[in-house]
Amino acid sequence: MNIIDRRLNPKGKSLPNRQRLLRRVKAQVREAVAQSIAGRRISEVDADKAVPVPVHGIGEPSFRKGADGNREFVLPGNQKFIKGDRIPKPPSGGGGGHEAADSGSGEDDFTFSLSRKEFLDIFFDDLELPDMVKRRLKESTATVPARAGYTVSGAPQALDVLRTMRNGLARRLALRRPRQEDLAELETSLAEAEAAGDIVAAAMLAQKIEAFRRRLRLIPWIDPVDVRYRRFEQRPVPIAQAVMFCLMDVSGSMNEHMKDLAKRFFMLLYLFLDRRYKAVDIVFIRHTHEAQEVDEDTFFHSRETGGTVVSSALQVAIDVIDERYPVDAWNIYIAQASDGDNLTSDRGRVIDAMTRKLLQACQYFAYLEVDDPPADVWEGRSTTSELWRTYQELQRPGTPLALRRATAAGQIFGVFHELFSRDAVS
Amino acid sequence: MPFLYQGPEWNFDKLKRVHDAIEKIALGEMGLETYPIQIEVITAEQMLDAYASIGLPILYRHWSFGKRFARDEVLYRKGYQGLAYEIVINSDPCICYVMEENSMTMQALVLAHAAYGHNHFFKNNHLFRQWTDAAGILDYLAFARDFVANCEDRYGIDAVERVLDAGHALQTQGVNRYTRRQKRSLAEELAREKERRHYAETTWNPLWTTVPGLDMESELGGTAQLAVDEERARAIELPEENLLYFLEKNSPVLHGWEREILRIVRVLSQYFYPQRQTKVMNEGCATFVHYKIMTRLHEKSLIDDGAFLEFLHSHTSVVQQPDFTDKRYGGINPYALGFAVMRDIERVCVEPTEEDIKWFPDFAGNGDPMGTLKEMWADYRDESFLLQFLGPKVIRDFRMLRLRDASGEPYFEVTAIHDEQGYRDVRGALAEEFESARLDPEIQVVEVDLLGDRRLTLEHRVHEGQRLDRSSAGKTLQHIRALWGYPVRLCEVDAATGESFPSGEIDLP
């Protein structure tokens, strides 16, 4: 007979089978991921949240008998029937209950969950990120061990002497372990009593000493239950903090498709920042002809009507920076999504806000112009949008300003190209 | 004598001690005969892995195993389904997986159940002896995994997946029921594979790839073609019920590696065929053995009362048979039925009643229960076992009744119950329920039109009006169409009258 411990064998033996399953149900997985993106907050894009994928239509056919036909079968637990009795069939489906279940197609439909990594893989696939970038985004952050309380087991070098001794002391007091001093005192009195020839007192003292010694033996100075070890926890390395401004035009011309593109654009920036900074704040600013700071739900889901004045949003961003995010304490990233409409008369104010404050304050300003497919609309387009022209004017070497147009998720990455490549150099 | 262990914790020392004590009882007192045992301790996750690969330690890759894993994992996580305490593999040495979460009593139970009960059955039952090669299976599985992986590298995952999908669909029609399988060692298997590939490589001529259709025979044309086809037609023996075998050998369009993959699916299907036919006996045997061994351990004061009670608790839940009116009812529990019949045999051997002597004159009162059981474990399968040994007492204890489900009638009719007139009827019906040949539809290749359009005709012989599940059959037939490469037709014929069902015909041109 042989006993083999297989518990330490490499895990994930059926991972290749899972990958093949994912290939098989690719369309359904993508749909689930798209739904999940719509339902996630931006800061949750990276969360370790399972994505349920309802699977159907991957049955494994075989030649098997259907429910019809005559059959005989035996059941256990007869209570009242005798030969010749008739039992009405259950209303749904023929055959015995258990046989109907065998041939039913129900077992082919089930739901399984995508892991965080699988979710990100598909998220990135849509965005057509270069592999290098994918890898860096998936990396978990560096961690350092940090003290986190005490534990009863651990390595010898993590032994906490103070805590251990304190526990020992408490236990000795609680169990009334005699102190060495008391014992010494008794022994001197015994010696004195013997010297004085008081036999009765000496006998009593001797008995008492014996009891003391016994107690000393039974109650140890340090017991395994006293021992405490310092416990460490892996904490992410604090690098710095960053704030991310999401600016979006919410006037009527922005449709659902555009908003979806915008959301993915914001999520990607968030992922990037989340990797680099310990804490990332997000500020949502939406605008029509006037701008306001809102929460995430309102940002993506509520509709507003009105004209389009971009400078109003930039002004709100400036105000928020002045008020809450001092430039010397925060890394500021601004992401703006818009369909490019702006009042011509607003141009001067936009340029002013950008040059005077924002471009100096922020690490990176990414502007994504979103539009409906077809994708070739940009190639054939002669006129550019008002906002695009304005920003293009500001673009000089060294300015942290990136512009990009996108009609599909795959085109978003370009706007961050510089950001990610700069990151690779540093 | 001190107890072998106390308390729920287990470790490798205790495992060894308990195993040795069990071995003494199993081999010494009960006279079981087993393969050498290899115990492997695994985690819950690894158990799920093993579930996904139909209990085998090594298996080729396929999405359906991923599907099984995903589903089992969800069921397990949400608590709808517990995990088995063990998995045992019919191999030499007999591999027995035990879970690390089991308590020491459970480990003892598992050892008695799997490592001795199942192991004895695997080694001695005639079906396993005849159809499976315990010494070679692990090597064959490794060969199969590597071969499929190689094919994926060479021809792409999609191409391999198509063949495996088709093979899996025909699994139940991929066993030989009657002839004896020729035994081939792994070395021969590898050599054959290599030889086949070598032949393909030496005879490969790039000229042929320029010919549209890539069909050598059609190039020969005319009379030569006819002669070849006639010869082939003669070589094909019809009817053939092993569809996988038929396609592997005779399909005009498959490549060598595709045939080899079909062969792998077929070999595995054949390997599991005895297990499908001996569910009740196999589990009954293992349950009977663990019950005997654990009781003996307790009698010999090797385990304490607490451990014995824990054992009884799991044992009774294993052999529980809910009534058919019970919500928990999910068919006849093979553990319960097998165990009850074997306990009954034991009783009949030792203290038979009048009734028993009438029913079992061969062994009633022979005083040798172990001998009788061992003989039975070796020579029977579920159907014949129930037909021979299911006695009136067990039928009464289970309060069995036989129902007739006639199509079109709004009711089930009770045709027999557990009384004097009913015993034999109930017994016959129950035995038939465990006859796998009756559960699977009877489908045969009946005609191959090699001289015409190469249409393949399959026939389903319908018994008692039990027709095929049509949508599933249609999809399966598409797989056959892909493997065969030419038109395929399936028709249904009543086995009793020979009349065909016009609505049962599926034609794939």
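A quick note: this is a predicted structure, and the numbers were derived from the prediction, not measured. (Residues numbered from 1 in each chain as written. Chains lettered and ligands numbered in written order. Predicted model: local features only at pLDDT ≥ 70, side-chain atom pairs only at ≥ 80, totals over all residues. Heavy atoms only, no water.)

Colleague: How would you summarise the confidence of the model for chain A if you had to cite specific residues and measurements?
Modeller: Overall, the predicted model of chain A reaches an average pLDDT of 79, with 85% of residues at or above 70. Ignoring residues within four places in sequence, the model shows residues 93–107 of chain A, a span with pLDDT below 50, making 14 contacts including any to other chains. (pLDDT = per-residue confidence, 0-100. Contact = heavy atoms within 4.5 Å.)

Colleague: Describe the environment of Tyr411 of chain B, and please don't skip the residues or the numbers.
Modeller: Considering the arrangement of structural elements, one finds Tyr411 of chain B in strand S5 (residues 411–417). Residues within four places of Tyr411 of chain B in sequence aside, it is in contact with Arg86, Ile87, Pro88 and Lys89 of chain A together with Arg404 of chain B. Engagement of the side chain of Tyr411 of chain B in a polar contact is seen with the side chain of Arg86 of chain A, the distance being 3.1 Å. (Helix = DSSP H or I, 4+ residues; strand = E, 2+ residues; numbered from the N terminus. Polar contact = N/O pair within 3.5 Å; in protein donor to acceptor, adjacent residues only side chain to side chain.)

Colleague: I'd like a description of the interface of chain B and chain A, backed by residues and values.
Modeller: The parts lose accessible area when they come together, and the size of an interface is often stated as this lost area. Contacts between the two partners involve 90 residues from chain B, matched on the other side by 58 residues from chain A. Between chain B and chain A, the buried area comes to about 7,100 Å², and carbon and sulfur atoms account for 54% of it. Scanning the region where chain B abuts chain A turns up 10 salt bridges. In this structure, Glu40 of chain B and Arg6 of chain A form a salt bridge, with 2.5 Å as the shortest nitrogen-oxygen distance. For the pair chain B and chain A, the interface holds 45 residue pairs in polar contact (both at pLDDT 80 or more). With 10 residues, helix H3 (residues 63–77) of chain B is the single largest residue contributor to the side of chain B that touches chain A. When grouped by side-chain class, the residues that make up the side of chain B that touches chain A number 45 nonpolar, 18 polar and 27 charged. Pairing between strand S4 (residues 86–88) of chain A and S5 of chain B: 3 bridges, direction antiparallel. Within the sheet, the bridge partner assigned to Ile87 of chain A lies in S5 of chain B and is Phe412 of chain B. (Buried area = accessible area lost by both parts, 1.4 Å probe. Salt bridge = Lys/Arg side-chain N within 4 Å of Asp/Glu carboxyl O. Nonpolar A, V, L, I, M, F, W, Y, C, P; charged D, E, K, R; others polar. Pairing = 2+ DSSP bridges.)

Colleague: Pulling in residues and values, what's your account of the nonpolar core?
Modeller: All names here are of chain B. With 92 residues, the main nonpolar core has Ile293, Leu297, Leu337, Trp377 and Phe385 as its most contacted residues. The element best represented in this core is helix H4 (residues 104–124), accounting for 12 residues. Mapping this core onto the domain boundaries places at least three of its residues in each of domain 1 (12–125 + 278–313) and domain 3 (319–437). Residues within four places of Ile293 in sequence aside, it is in contact with Ile22, Ile25, Ala26, Met30, Ala112 and Tyr116. Core analysis: the next-biggest nonpolar cluster, separate from the first, contains 62 residues, Phe69, Tyr140, Val163 and Leu477 among them. (Core = buried A, V, L, I, M, F, W, Y, C linked by side-chain atoms within 4.5 Å. Buried < 20%, exposed > 50% of the residue type's maximum accessible area, 1.4 Å probe, protein only. Domains from an automatic or database assignment.)

Colleague: Before we move on, can you summarise unusual backbone geometry with the specific residues and values?
Modeller: Residue and element names in this part refer to chain B. A cis amide bond links Asp92 with the next residue in sequence, Pro93, at an omega value of 5 degrees. Along the polypeptide, Pro93 turns up in the loop between strand S2 (86–89) and strand S3 (94–99). If you check the backbone angles, Ser301 has positive phi at about 55 degrees while not being a glycine. Of the residues examined, Ser301 reaches a relative accessible area of 37% and is grouped as partly exposed. Despite not being glycine, Arg454 shows a phi value in the positive range, around 60 degrees. In this fold, Arg454 is placed in the loop between strand S6 (442–448) and strand S7 (456–462). Among the residues examined, Arg454 registers a relative accessible area of 9% and is labelled buried.

Colleague: Give a detailed account of a positive patch on the surface, specifying residues and quantitative values.
Modeller: On the surface, Arg176, Arg214, Arg215 and Arg217 of chain A cluster together into a patch of positive charge. Residue placement: Arg217 of chain A occurs in helix H8 (residues 199–218). (Patch = residues over 30% accessible without salt bridge, like charges linked within 9 Å, V, L, I, M, F, W, Y side chains within 5 Å. Areas by Shrake-Rupley, 256 points an atom, 1.4 Å probe, with all protein chains shown as cover. Lys, Arg positive; Asp, Glu negative; His and termini not counted. Charge placed at Lys NZ, Arg CZ, Asp CG, Glu CD.)

Colleague: Kindly report on the packing of aromatic side chains, identifying the contributing residues and their values.
Modeller: One pass over the full model with this rule turns up 26 aromatic pairs over all chains. Both rings, one in Phe73 of chain A and one in Phe412 of chain B, keep their centres 5.9 Å apart while their planes meet at 80 degrees; by these two values the pair is edge-to-face. In this pair, Phe73 of chain A is assigned in strand S3 (residues 71–75) and Phe412 of chain B in strand S5, connecting two distinct chains. Under the relative-accessibility criterion, Phe412 of chain B is labelled buried at 6%. Aromatic pair Phe121 of chain B and Phe128 of chain B: ring centres 5.9 Å apart, planes at 75 degrees, arrangement edge-to-face. It is Arg172 of chain A that lies over the ring of Trp221 of chain A; its NZ or CZ is 3.4 Å from the centre. The ring of Phe501 of chain B carries the charged tip of Arg467 of chain B above its face, separated from the ring centre by 4.3 Å. (Phe/Tyr/Trp six-rings, centres within 6.5 Å; stacked < 30°, edge-to-face > 60°. Lys NZ or Arg CZ within 6 Å of the ring centre and 35° of its normal.)

Colleague: How would you summarise a nonpolar patch on the surface if you had to cite specific residues and measurements?
Modeller: Residue and element names in this part refer to chain A. Residues Leu159, Val161, Met165, Trp221 and Ile222 make up a contiguous nonpolar surface patch of roughly 420 Å² in combined accessible area. Within the fold, Ile222 resides in the loop between H8 and strand S7 (229–236). In this structure Ile222 comes out as partly exposed when scored by relative accessible area, which is 32%.

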